[in-house]
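Structure at a glance
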Amino acid sequence: MDNIKQIYTLDEVATVLNVSVDSVKDFINSNDLVAIGSNKDKIKRIDLYKFMGKSPIDNIIDYEVPSQHSKKEVIIMSKSNAQPYWNKARKRFEIAPYIQTPEGKKRKVFGGKTTDEVMDKYNAFINGTTYVKNEPSIQCDNNQCKITLSEVADKWWEYKKETVSQKTLDSYYYPYAEIKEFMGDKYIGDIRFDDIERYFKWKQSQRDGEYSQSVYSIRSKVLVNMFWYAEKYRYIHKNTSPMLDKPTVPTGKPTDRDARFLPLNYVNTLINVFKDNIRYSTIIKLLLASGLRISELCALKWSDISEKHEDGNTLYEIHIQRALVKNGNYIPHDKNNRPYVPGSTKSNSSNRIIVVGDDVYKIICDWKSYVEHNSKLSERIAEHGTKEYIFVDSFGYLINLNTLRQQMSKYMNKKLNESSNRVKFHDLRHTFASMMLENGVDMTVISRILGHSSISITSNVYTTVTDKLMIKSAESISSIVSKIS
């Protein structure tokens, strides 16, 4: 018995697995496992995960329970093909095997910045050893890092594929490719702030007119991210990023936020233009009534809408938990491979619930009635398996947002005969927010409805509207002063 490192009583095993002692005995006998003790009251440690029927029975496990665990704990090993996954909320990789204790099955989470770090922590736990972080050494020789910016940029790009939405990734692509082209052949440790300034001056020279400020902002963000990544994974020393020296970035053309807010009379004109097209008119009305992003609206399912009863009133909750994103594996002209597919929302705060009344719900019901009475469309929806989605195109597929934008723009230009007046879907979102503000709805509430991560984002976007409200509030202040003077 010297080779037996850990034993459990039959009662202990039966308690942990919530089965009878006879079941444990039957398992031992049927699989020719050796029972220890004259009364077969003790057994060698067995693979309880396999005992529970999760995979074929192989053999007895014979290793010591690590000292940091209770002797009654039984580690249930993860499946052999289990891999770390990206936890978007915590912004790290994780693996979460179960630990079975006499009190019940519990999950233990191992997290880390890389998949290798997660697996190292997991293996250390299983082997009963202490995890020691394996810091990669700086890849430098005489203060010169032997890795180019292009190589680091590619590693950063692969990292970002796992950590940001497809929409954000798309916005990073051209800056990423452009930066590599301009100075990618230089060693990462040799790049200084004047190299960054030369890049921005070059970018500025590529256009006769002004770029918008967002063009420079996104490139600056990408550079900060790349050097942060290089520092994090020790391709450069800490606090040596050239972006810390705040290189001069050109001043671009400011975004005209006022143009995003449509006046009420134009909103009514817009709805009237599309009154003969129920798909377009429904989409416009719902965007104006909810403040949803077009990608969120077109990814809604019927199951995302539920009734809510409060104070004798019936309200409706719209659960926003996905958005249409560009399909990275899209193959043109392949009908079964769509350019837009359901994906994650823009950010964690974009997963939200919007409460609406009967008037908004009626708009949705009218569209549902139209679909149900359109036999041809219903057949196409059934054929393509899109019945669960509220909005589909005329062929029954998930909506292609690019096509939707183009078709609605052409339709509006034809009806209004004013090709220069182009209304974007996002203008409707801004119009919703501005009307809510002007009607006295609290900024915090609007921020939550829009799915902004903080109220400061909402107030910065709607500066013009809030300025008007500040002026309007002067009347209230004067009224208060008159009462106390």
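Coordinates for the structure precede this section.
I will try to describe carefully the structure that is included in this document.

Criteria and thresholds
- Residues numbered from 1 in each chain as written.
- Predicted model: local features only at pLDDT ≥ 70, side-chain atom pairs only at ≥ 80, totals over all residues.
- Heavy atoms only, no water.
- Pairing = 2+ DSSP bridges.
- Helix = DSSP H or I, 4+ residues; strand = E, 2+ residues; numbered from the N terminus.
- Axes fitted to C-alpha atoms, helices over the stretch in contact; angles between N-to-C directions.
- Contact = heavy atoms within 4.5 Å.
- Expected span 1.5 Å × (residues − 1).
- Buried < 20%, exposed > 50% of the residue type's maximum accessible area, 1.4 Å probe, protein only.
- Phe/Tyr/Trp six-rings, centres within 6.5 Å; stacked < 30°, edge-to-face > 60°.
- Lys NZ or Arg CZ within 6 Å of the ring centre and 35° of its normal.
- Patch = residues over 30% accessible without salt bridge, like charges linked within 9 Å, V, L, I, M, F, W, Y side chains within 5 Å.
- Areas by Shrake-Rupley, 256 points an atom, 1.4 Å probe, with all protein chains shown as cover.
- Salt bridge = Lys/Arg side-chain N within 4 Å of Asp/Glu carboxyl O.

**Some words on the sheet that holds strand β6 (residues 92-95)**
- Spatial strand order, β5-β6-β9: three strands in an open sheet with antiparallel pairing. Whereas interior strands pair on both sides, the edge strands pair on one side only; in this sheet they are β5 (85-87) and β9 (110-112). Between one strand axis and the next, the sheet turns through 40° on average, direction left out of account.
- Where β6 meets β9, three bridges bridge the pair, whose relative direction is antiparallel. Note that in β9 the partner of Ile 95 across the bridge is Phe 110.
- Docked against the sheet, helix α4 (residues 115-127) engages β6 and β9, running at close to 150° with respect to β9.

**So, α4**
- Compared with an ideal rise of 1.5 Å per residue, which puts 13 residues at 18 Å, α4 spans 18 Å between its outermost C-alpha atoms and is within 8% of the ideal.
- Phi for Gly 128, located one or two positions after α4, is positive at around 75°.

**What about the sheet that holds strand β12 (residues 305-310)?**
- Within the open sheet, the three strands sit side by side as β12-β13-β16. Their pairing is antiparallel. One side of each edge strand has no neighbouring strand; the edge strands of this open sheet are β12 and β16 (352-356). Adjacent strand axes in the sheet meet at a mean angle of 35° when their direction is disregarded.
- Docked against the sheet, helix α12 (residues 358-373) engages β12, β13 (313-320) and β16, running at close to 60° with respect to β13.

**Re helix α5 (residues 149-163)**
- For α5, built from 15 residues, the straight-helix expectation of 21 Å at 1.5 Å per residue is met to within 8% by its first-to-last C-alpha distance of 20 Å.
- Listing the buried residues of α5 in full gives Leu 149, Ser 150, Val 152, Ala 153, Trp 156, Trp 157, Tyr 159, Lys 160 and Thr 163.
- Those residues of α5 that are buried lie in contact with β5, α6 (166-183) and α8 (213-232).

**Some remarks on the pairing of β16**
- Side-chain alternation along β16 places Arg 352, Ile 354 and Val 356 on a buried face and Ile 353 and Val 355 on a face that remains uncovered.
- Where β13 and β16 come together, five bridges link them in antiparallel fashion. The residue bridging Ile 318 from the neighbouring strand is Ile 354, located in β16.

**Quick word on the pairing of β13**
- In this structure, β12 lies alongside β13, joined through six bridges in antiparallel fashion. Bridged to Glu 310 within β13 is Asn 313.

**Remarks on the packing of aromatic side chains**
- For the structure shown, the criterion picks out 25 aromatic pairs.
- Plain terms: the ring middles of Trp 157 and Tyr 176 are 4.5 Å apart, the flat faces sit at 10° to each other, and that makes the pair stacked. In this pair, Trp 157 sits in helix α5 while Tyr 176 sits in helix α6, placing the two residues 19 residues apart along the sequence.
- Here the aromatic rings of Tyr 173 and Tyr 174 are separated by 5.5 Å at their centres, their planes lie at 75°, and the arrangement is edge-to-face.
- The rings of Trp 86, Phe 93, Tyr 159, Trp 228, Tyr 229, Tyr 233 and Tyr 235 are connected pair by pair, giving a single aromatic cluster.
- Arg 338 extends its terminal NZ or CZ atom over the ring of Tyr 397, reaching a point 4.1 Å from the ring centre.
- When the ring centre of Trp 302 is taken as origin, the NZ or CZ atom of Lys 368, which lies over that ring, is 5.0 Å away.

**Points about a nonpolar patch on the surface**
- There is a patch of nonpolar side chains on the surface, built from Ile 477, Val 481 and Ile 484 and spanning about 310 Å² of accessible area.
- Position of Ile 484 among the secondary structure elements: in helix α18 (residues 463-484).

**Describing the pattern of salt bridges**
- Inspection of the entire model under this criterion finds 17 salt bridges.
- In this structure, Asp 195 engages Arg 198 in a salt bridge whose closest nitrogen and oxygen atoms are separated by 2.4 Å. Highlighted residues: Asp 195 and Arg 198, both in helix α7 (residues 193-205), separated by three residues, approximately one helical turn.
- Taking relative accessible area as the criterion, Asp 195 reaches 7% and is therefore assigned buried.
- Here Asp 393 makes a salt bridge to Arg 338, at a shortest N to O gap of 3.9 Å.

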